[in-house]
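Read off the chains here:
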Amino acid sequence: MSLDPDAVGRRERAARVVETVAGLLADPARVAAITDAPDNAMELPEGPWTPWNAVALSDGYPAVSLLFAELGAADPARRGTAHEYLAAALASPAPAPQPRLFVGAGSLAFAAHAAAVGFGGYRTLLEKLDEGLVAWIRARARADRDRVLTGRPIGHWDGFDVISGAAGLGRYLLGRHEHAGGAAGEALCEVLTTLVAVAMADDVEVEGVRVPAWWVEHGVTAERVDRGGHLNFGLAHGVCGPLALLACAWRAGVRVDRQDEAMGRIVALLDRWRHADDAGPTWPMAVNLPALRDLDHRFERYREVWCYGAAGIARALYLAGTALGERRWQDEAHAALAGVHALAGGAVRDHTLCHGWAGLLQIFLRMAHDTASDDTAPHDYGAAVDMFAGRILDGFDPDEPFGFRYVHPTSMGKNRPGFLEGAAGIALALHCYATGRPPVTGWDTALLLN
């Protein structure tokens with residue numbers, strides 16, 4: 001990371017912004033009231049929508065608790081606020097029965113685990129949450145594996161992705177396995193075995209076209225409905241979430257049969273759909289049936305951020321490359337991230353982790369940390385880190401309820417306090433920038449960045 005005077009001043013400013021945002025988020029009741037207010041609703045095509053979801057990692061109590069857990073690792077005065085948020089989540093009505101990392105029991109468990117890693121406690125809560133989560137995850141993994149082994153595609157995001165599926169829950173299990181052991185490791189192996197089965201499965205036929213078993217039978221990509229389904233590449237909803245989980249587990253010594261081959265099969269898919277422009281390699285958000293039928297189909301860069309595009313994909317590719325010692329994969333990741341740095345601006349219009357500057361900042365912070373002693377790394381990540389941090393700081397306004405306003409294509413300037421698309425997530429990335437250290441609590445494992 002750069003040590004020039006401007007960068008030092010920028011890091012000091014980032015630390016002050018983090019403190020201000022933490023102050024604005026310190027009262028759970030105030031935060032919930034502002035976020036859930038009718039005048040904070042976003043006008044979406046299906047109607048008005050307020051972002052507050054009490055038990056969620058997007059905008060909910062567990063989401064904001066992550067900021068105070070990270071700050072509380074070094075500052076005991078912050079731990080009480082983290083606990084208030086977790087207690088509020090626990091007291092809230094239970095959401096939909098299907099656990100996901102970002103909604104429901106999975107989000108509460110992840111946030112409580114982060115607090116436990118940061119400063120201890122929450123053993124009984126985590127044991128109770130894990131009991132239900134482990135049983136559900138194992139059953140779902142077996143059902144999805146059976147589906148694929150009968151020659152059908154996985155079918156839906158919640159079979160494998162980070163936000164709603166096995167990659168996100170699997171990363172939580174890996175953290176629990178490393179921190180507490182128990183049944184989490186066995187459930188993780190079930191998840192890994194299923195993801196390996198999908199990766200190694202033969203292509204299946206959909207409307208006369210052979211498609212990989214990762215095929216999602218319906219869904220929305222690039223603001224359109226793909227009625228025949230699609231193959232998704234993004235880190236949030238695509239094959240790169242499983243790739244990152246397989247790599248993280250391998251690096252942690254949790255391995256199942258043919259796990260390395262499965263990583264190679266996913267990278268082969270990336271190789272198949274990789275294209276390049278003057279900035280470097282990139283990948284489409286997704287490939288649908290018309291694109292598969294049209295061998296000359298051309299893809300344009302859409303948005304190079306965490307959720308979709310070269311930034312998140314490159315981080316997953318780098319994790320896999322370092323896990324298996326595949327230098328070509330690492331070099332491809334470096335080249336893609338150099339292109340992201342060169343093109344920074346474009347369609348990025350927000351400051352958040354999901355699809356904004358904070359997500360780019362955290363990816364490049366991780367790359368800077370991982371390559372600090374690697375003399376062969378071809379890209380200087382420090383310059384990009386300083387630039388992305390500057391973009392975030394330029395968007396800070398202490399007069400806003402949470403310090404930052406959320407920018408949405410159809411509804412500008414809403415208040416969002418949370419992790420994935422809100423102020424807490426932005427502050428977490430700025431905190432890592434200000435301190436020059438990776439997260440203590442492992443909060444960015446929810447993004448499959450480490």
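The structure displayed is predicted, hence computed values, not measured ones.

(A) Structural context of the packing of aromatic side chains. This structure, assessed with the given rule, holds 11 aromatic pairs. Ring geometry for Y61 versus Y85: centroids 6.2 Å apart, planes at 55°, classification tilted. One end of the pair, Y61, is in helix 3 (residues 61–72); the other, Y85, is in helix 4 (residues 79–91), with 24 residues separating them in the sequence. For the residue pair Y61 and Y85, the accessibility class agrees, reading buried in each case. Here F396 and F404 contribute two aromatic rings whose centre-to-centre distance is 5.6 Å and whose plane-to-plane angle is 55°, an arrangement assigned as tilted. Accessibility assignment for this pair places F396 and F404 in one class, buried. Aromatic ring contacts, followed pair by pair, group W52, Y61, F68 and Y85 into a single cluster. The residue whose ring lies beneath R255 is W250, and the NZ or CZ to ring-centre distance is 4.0 Å. The ring of Y406 carries the charged tip of R416 above its face, separated from the ring centre by 4.6 Å.

(B) Broad picture of helix 14 (residues 357–370). In a regular helix each residue adds 1.5 Å, so 14 residues correspond to 20 Å; helix 14 covers 20 Å between its end C-alpha atoms and thus fits that length. Counted residue by residue, helix 14 has 12 buried out of 14 residues, so it is predominantly covered. Buried within helix 14 are the following residues: W357, A358, G359, L360, L361, Q362, I363, F364, L365, R366, M367 and A368. At its buried positions, helix 14 is contacted by helix 12 (310–324), helix 13 (327–343), helix 15 (381–394) and helix 16 (423–435).

(C) Molecular detail of the side chain of R147. In this structure, R147 sits in helix 6 (residues 123–149). Taking relative accessible area as the criterion, R147 reaches 19% and is therefore assigned buried. Apart from residues no more than four positions distant in its own chain, R147 is found in contact with R152, P153, I154, G155 and E217.

(D) The arrangement of helix 9 (residues 240–251) in detail. Under the 1.5 Å per step criterion, the end-to-end length of helix 9 is 16 Å for 12 residues, consistent within 8% with the ideal 16 Å. The buried count for helix 9 comes to 11 of 12 residues, which makes it a mostly enclosed element. Along helix 9, the residues classified as buried are C240, G241, P242, L243, A244, L245, L246, A247, C248, A249 and W250. In this structure, the buried residues of helix 9 make contact with helix 7 (166–180), helix 8 (184–200), helix 10 (259–273) and helix 12. After helix 9 finishes, the residue G253 shows a positive phi value of roughly 85°.

Rules behind the numbers
Residues numbered from 1 in each chain as written. Predicted model: local features only at pLDDT ≥ 70, side-chain atom pairs only at ≥ 80, totals over all residues. Heavy atoms only, no water. Phe/Tyr/Trp six-rings, centres within 6.5 Å; stacked < 30°, edge-to-face > 60°. Helix = DSSP H or I, 4+ residues; strand = E, 2+ residues; numbered from the N terminus. Buried < 20%, exposed > 50% of the residue type's maximum accessible area, 1.4 Å probe, protein only. Lys NZ or Arg CZ within 6 Å of the ring centre and 35° of its normal. Expected span 1.5 Å × (residues − 1). Contact = heavy atoms within 4.5 Å.

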